[in-house]
Amino acid sequence: MDLQAVIAHMETGEQDAALAALQGFNREMSQCFTFRTAEEKDRQHLGELVVGFLSRNLQPSCLLACLETVRILSRDKRCLDPFITRSAMSTLATFAGIATVQTAAAADGQPGEGKKDKEGDEEGEADASRAEEKEAPPPAENPDLEVIVEALKSICNILLHNETGQAVAAELQLIKGVAERLKHCNDPTWSFEVRFFDLRLCFLLTALRVDVRAQLAQELHGISLLGNQLDATLGLCWPDPLETARVGLEGVPPEELPPLSRQQTELAMEILKILFNVTFDTNRRKVDEEEAAEYRHLGAILRHCLMSRAEGEERTEEFHSHTVNLLGNLPLPCLDVLLMPKVQQGSIEYMGVNMDAVNMLLDFMEKRLDRGHKLKETLLPSLNLLTESARIHRETRKFLRSKVLPPLRDVKNRPEVGNTLRNKIVRLMTHIDTDVKDCAAEFLFVLCKESVSRFIKYTGYGNAAGLLAARGLLRGGRDSGIYSEDEDSETEEYREAKAHINPVTGVVEEDQPNPMEGMSEEQKEYEAMKLVSMFNKLSRGNLIQPMQLSMDGTMREMTSEDLQNLSHNPLLQPEERRDADSEEEEQ
């Protein structure tokens with residue numbers, strides 16, 4: 001239908017004429033997500049007319065048609081001006097059932113603010129737009145769910161595309177209205193669509209507004225609120241304080257549980273995304289006992305998510321991805337809930353502890369690693385989570401080491417060559433992305449209990465050099481971690497080959513001819529001075545930057561004076577170094 005004709009019908013002010021025009025427009029534009037620039041002004045004008053209609057007492061069918069039109073028009077981020085005023089947003093919030101305050105204009109049935117005067121006073125208009133406010137009326141006893149869903153979708157579109165709309169939504173305290181309805185998660189009144197778009201709106205507000213994020217977390221007790229929502233969505237019961245089961249399926253092993261329905265999965269993923277926003281900085285600060293109890297309770301639910309399946313492998317992986325992202329935000333001491341369930345028949349047991357969840361994380365990480373796509377976004381959350389869990393929980397570290405760094409037998413192939421999990425992670429240690437490289441090295445270093453000699457044993461000095469240089473450990477030793485003593489893990493194959501292993505590559509190599517064989521001491525000194533002179537020349541031309549190992553184990557730049565001294569005294573005595581191989585091999 002021609003846009004001008006729709007506008008003409010709307011300008012008559014008659015509901016029947018407007019209804020017919022809008023229904024035709026909505027049918028034609030239902031799947032339209034790109035808009036012609038030439039009709040921009042007409043769409044703006046239609047938006048103003050629809051907002052004006054929404055402030056009137058409309059027939060249900062006309063009201064729904066108006067809200068459908070707002071949803072369609074709000075897809076165009078260039079034509080949102082009619083919808084981002086306080087009165088328009090308040091009207092939409094009222095129809096969505098989440099208004100906590102109303103502007104006087106919206107409450108009294110007045111149309112939204114008009115266009116700004118070209119020379120208008122911004123401060124005066126701001127005061128006018130903040131007309132006298134009062135509490136919104138209570139929700140209707142029999143709410144029209146279609147109206148609520150259309151209004152929620154419109155608000156979500158506005159928030160997605162417009163910063164002013166985000167600010168107005170924050171000022172109108174829409175998060176309070178959403179939170180109030182979320183408290184009634186077991187109320188059968190609310191359909192799946194209402195619950196889903198409540199959560200989507202909550203996600204957008206917490207993702208786009210730091211103040212709303214903090215308000216939900218603190219004032220509205222968001223962790224508890226959303227944890228209860230997730231609990232209800234998954235249909236959980238609690239046989240023990242920190243152990244979950246599905247209602248009616250208590251005692252059924254995780255692998256035998258039926259997959260979650262599509263609706264359960266959709267709702268659960270939205271909740272996980274909101275909780276991720278709300279807990280974004282949690283693991284960087286200390287939490288008190290009450291907060292720790294909340295996070296442990298949430299962690300138990302997340303363990304259930306990790307052990308659950310959705311309909312289809314792709315959906316399951318997406319569901320697990322959101323779960324892993326959120327687990328990475330929890331305070332590290334609270335991750336012990338992953339190990340708390342009792343060992344049952346079919347469980348993976350290690351040192352008397354249930355390792356099902358840790359094993360699931362390891363499998364998830366390896367799948368992402370094998371895929372090799374966008375490793376920084378897809379791999380690092382699970383790899384970081386495993387690293388920190390291993391650092392703080394002894395049983396987790398020892399289990400992961402048994403899987404990733406079993407006793408070394410292959411001493412003929414380089415650590416980065418092969419298809420074992422160790423080989424795959426060592427290959428990442430020379431990845432082009434610094435974050436990926438550092439995270440992979442840190443994971444293996446923690447599994448080696450931050451022992452330099454053991455780290456080099458499993459990765460080779462060449463692969464390990466980056467992390468060791470950053471830590472000031474190039475001279476060997478151990479970083480300042482606190483780890484338990486473990487048994488010797490050297491295999492017979494490793495002991496026999498140990499003396500012949502090249503520490504740089506980490507493998508036994510064939511003996512190479514000595515290039516200085518047959519040279520006199522004078523010839524050796526001449527070649528050494530020649531080499532230093534070449535380094536000096538390249539350094540002066542800024543082609544290379546020679547480096548030197550300092551006494552504290554870090555690298556420092558070599559100055560021209562250093563190179564000059566070397567040219568006069570090339571045969572330096574090596575410093576006494578620690579005997580790394582004498583350190584007891586522990587697991």
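As a convention, each chain's residues are numbered from 1 in the sequence order in which they are written. Local features in this predicted model are restricted to residues of pLDDT 70 or higher, and side-chain atom pairs are both shown and tallied only at a pLDDT of 80 or more, whereas totals for entire chains, interfaces and linings draw on every residue. By convention in this description, side-chain values take in all heavy atoms of the structure and omit both hydrogens and water.

A.B. asks: Any chance you could explain the overall build of the protein chain here in plain terms?
C.D. replies: Here a helix means four or more residues in a row that DSSP labels H or I, a strand means two or more in a row labelled E, and each is numbered from the N terminus. Per the secondary structure count, the protein chain includes 27 helices and 10 strands. Relative accessibility under 20% of the residue-type maximum defines a buried residue, over 50% an exposed one, and the middle range a partly exposed one, all with a 1.4 Å probe and only protein chains included. Scored against the burial criterion, the 587 residues of the protein chain give a buried share of 48%. Residue contacts are counted whenever heavy atoms from the two residues lie within 4.5 Å of one another. Taking the contacts inside the protein chain whose residues are at least 6 apart along the sequence as the reference set, 73% of them involve residues at least 24 apart.

A.B. asks: Explain the side chain of Arg195 to me, please; I cannot follow it from the model alone.
C.D. replies: Along the polypeptide, Arg195 turns up in helix H11 (residues 192–208). Here Arg195 is buried and forms no salt bridge, its nearest opposite-charge partner Asp198 lying at an N-O distance of 7.4 Å. Ignoring any residue separated from it by four or fewer positions in sequence, one finds Arg195 in contact with Cys185, Trp190, Gln229, Thr233 and Leu267. In this tally Asp and Glu are treated as negative and Lys and Arg as positive; neither His nor the chain ends contributes. Whenever a carboxyl oxygen of Asp or Glu lies within 4 Å of a side-chain nitrogen of Lys or Arg, that contact is scored as a salt bridge.

A.B. asks: Any chance you could explain helix H15 (residues 289–306) here in plain terms?
C.D. replies: What sets the pattern is the α-helix's 3.6 residues per turn: residues three or four places apart point alike. The length a helix should cover is 1.5 Å for every residue beyond the first. In a regular helix each residue adds 1.5 Å, so 18 residues correspond to 26 Å; H15 covers 25 Å between its end C-alpha atoms and thus fits that length. Those residues of H15 lying buried are Ala292, Tyr295, Leu298, Gly299, Ala300, Ile301, Leu302, Arg303, His304, Cys305 and Leu306. Whenever a nitrogen or oxygen atom comes within 3.5 Å of another N or O atom, the pair is scored as a polar contact, on the condition that within protein one atom can donate a hydrogen and the other can accept it, and that pairs from neighbouring residues in sequence are kept only if both atoms are in side chains. Near the N-terminus of H15, the side chain that reaches the backbone nitrogen of Glu290, with its oxygen 3.2 Å away, is that of Asp288.

A.B. asks: Honestly, the environment of Ile98 in this entry has me stumped. Any pointers?
C.D. replies: Mapped onto the elements of the fold, Ile98 is located in the loop between helix H5 (86–96) and strand E1 (101–103). In the structure, Ile98 is positioned 83 residues away from Arg181 in sequence and 7.7 Å away in space, judged by C-alpha atoms. Aside from chain neighbours lying at most four places away, what touches Ile98 is Ala93, Leu152, Ile155, Leu174, Gly177, Val178, Arg181, Asp198 and Leu201.

A.B. asks: Any chance you could explain the packing of aromatic side chains here in plain terms?
C.D. replies: How two aromatic rings sit relative to each other is set out by the distance from centre to centre and by the angle between their planes. Working definition: a ring pair exists when centres of Phe, Tyr or Trp rings (six-membered ring for Trp) sit within 6.5 Å. Plane angles under 30 degrees give stacked, over 60 give edge-to-face, the rest tilted. Taken as a whole and judged by the stated rule, the model has 5 aromatic pairs. Relative to Phe197, the ring of Phe196 lies with its centre 5.1 Å away and its plane at 90°, an arrangement referred to as edge-to-face. Note on Tyr350 and Phe399: the rings are 5.6 Å apart at their centroids and 70° apart in plane angle, and the pair reads as edge-to-face. Here Tyr350, found in strand E5 (residues 349–350), pairs with Phe399, found in helix H20 (residues 394–404); they are 49 residues apart in sequence, far enough to count as distant.

A.B. asks: Honestly, the nonpolar core in this entry has me stumped. Any pointers?
C.D. replies: The nonpolar side chains of a soluble globular protein tend to be buried, and buried together. Here the nonpolar core consists of buried residues drawn from Ala, Val, Leu, Ile, Met, Phe, Trp, Tyr and Cys, with membership extended through side-chain atoms lying within 4.5 Å. In terms of nonpolar packing, the biggest core is built from 147 residues, with Leu46, Met365, Phe443 and Phe455 touching the most fellow members. Looking at this core, the element that brings in the most residues is H11, giving 10 residues. Beyond its immediate sequence surroundings of up to four residues, Phe443 is in contact with Met365, Leu383, Leu386, Thr387, Leu400, Val404 and Ile425.

A.B. asks: In this structure, what is going on with the pairing of strand E4 (residues 243–246)? I would like to understand it.
C.D. replies: In regular strands, side chains alternate between the two faces of the sheet. With burial as the criterion, each face of E4 is covered, one bearing Glu243 and Ala245 and the other bearing Thr244 and Arg246. Across 3 bridges, the pairing between strand E3 (residues 236–240) and E4 is antiparallel. Residue Leu236 lies in a different strand from E4, and its bridge partner there is Arg246. Hairpin connection, E3 to E4: the antiparallel pair is bridged by 2 residues. Paired strands are those between which DSSP finds at least two bridges.

A.B. asks: What should I look at first to understand empty space enclosed by the protein in this one?
C.D. replies: One water molecule sets the probe size; rolling that probe over the atoms shows where empty space is left. A 1.4 Å probe that fits but cannot get out identifies a cavity on a 1 Å grid over protein atoms alone, an open set with protein on both sides within 12 Å along at least five of seven lines counts as a pocket, and a residue lines either if it has an atom within 4 Å of a point. Grid points are joined across faces, edges and corners, and a volume is the space filled by probe spheres set on the points. Scanning the model with the defined rule gives 3 cavities of 30 Å³ or more in all. By volume, the largest cavity amounts to about 60 Å³. What lines the largest cavity is Arg181, Leu182, His184, Cys185, Trp190, Val194, Arg195, Asp198 and Gln229. For the lining of the largest cavity, the secondary structure elements donating two or more residues are helix H10 (174–182) and H11.

A.B. asks: Before we go on, may I ask you to explain the pattern of salt bridges in this structure?
C.D. replies: This structure, assessed with the given rule, holds 27 salt bridges. We note a salt bridge from Arg36 to Glu39, for which the minimum N-O separation is 2.9 Å. We note a salt bridge from Arg371 to Glu317, for which the minimum N-O separation is 2.4 Å. Taken together, the positions of Arg371 in helix H17 (residues 356–371) and Glu317 in helix H16 (residues 313–327) put the pair 54 residues apart, joining distant regions of the chain. Classification of Arg371 as partly exposed rests on a relative accessible area of 49%. Residues joined in a network through salt bridges with shared partners are Glu388, Arg391, Glu442, Glu450 and Arg471.

A.B. asks: What exactly am I supposed to notice about the side chain of His322 here?
C.D. replies: Following the sequence through the fold, His322 ends up in helix H16. In this view, His322 contacts Met269, Leu272 and Lys273; residues no more than four positions away in its chain are not counted.

A.B. asks: Teacher, can you tell me more about the packing of helix H19 (residues 380–392) against helix H22 (residues 434–447) here?
C.D. replies: In a pair of packed helices, the angle between the axes and the distance between the axes together describe the arrangement. Here H19 crosses H22 at 25°, and the two axes come no closer than 9 Å. By the angle class used here, H19 and H22 are roughly parallel. As H19 runs across H22, the sense of the crossing is left-handed. Residues Leu380, Leu383, Asn384, Leu386, Thr387, Ala390 and Arg391 of H19 lie in contact with H22, whose contacting residues are Asp435, Val436, Cys439, Ala440, Glu442, Phe443, Val446 and Leu447. Residues are grouped as follows: Ala, Val, Leu, Ile, Met, Phe, Trp, Tyr, Cys and Pro are nonpolar; Asp, Glu, Lys and Arg are charged; all remaining types, including Gly, are polar. Residue composition of the contact of H19 with H22, by class: 10 nonpolar, 2 polar and 3 charged. Lines fitted to C-alpha atoms define the axes, with helix axes restricted to the stretch in contact, and inter-axis angles between N-to-C directions lie between 0 and 180 degrees. Comment on the angle field: the value is read as roughly parallel under 35 degrees, roughly antiparallel over 145, roughly perpendicular from 65 to 115, and oblique elsewhere. Helix crossings fall into two classes, left-handed where the near helix is turned counterclockwise from the far one by less than a right angle and right-handed where it is turned clockwise.

A.B. asks: Just checking my understanding: could you explain the packing of H15 against H16 for this structure?
C.D. replies: Interaxial distance between H15 and H16 falls to 9 Å at its minimum, and their mutual angle equals 155°. Relative to H16, H15 is oriented roughly antiparallel. Classified by chirality, the crossing of H16 by H15 is left-handed. Contacts from Leu302, Cys305 and Leu306 of H15 reach H16 at Phe319, His320, Thr323, Val324, Leu326 and Leu327.

A.B. asks: Sorry, what's going on with the confidence of the model for the protein chain here?
C.D. replies: Caution applies to low-pLDDT parts of the model: their predicted coordinates are not meant to be read in detail. Averaged over all residues, the pLDDT of the protein chain is 84; the fraction at 70 or higher stands at 81%. Every residue is assigned a pLDDT by the predictor, reflecting its confidence on a scale from 0 to 100. Segment residues 570–587 is flagged for pLDDT under 50; beyond a separation of four residues in sequence, or across chains, it makes 37 contacts in the model.

A.B. asks: I'm lost on helix H23 (residues 452–459) in this one. Help?
C.D. replies: The buried fraction of H23 is high, at 8 of 8 residues. All buried positions along H23 are accounted for by Val452, Ser453, Arg454, Phe455, Ile456, Lys457, Tyr458 and Thr459. Positive phi appears at Gly460, one or two residues downstream of H23, with a value of about 85°.

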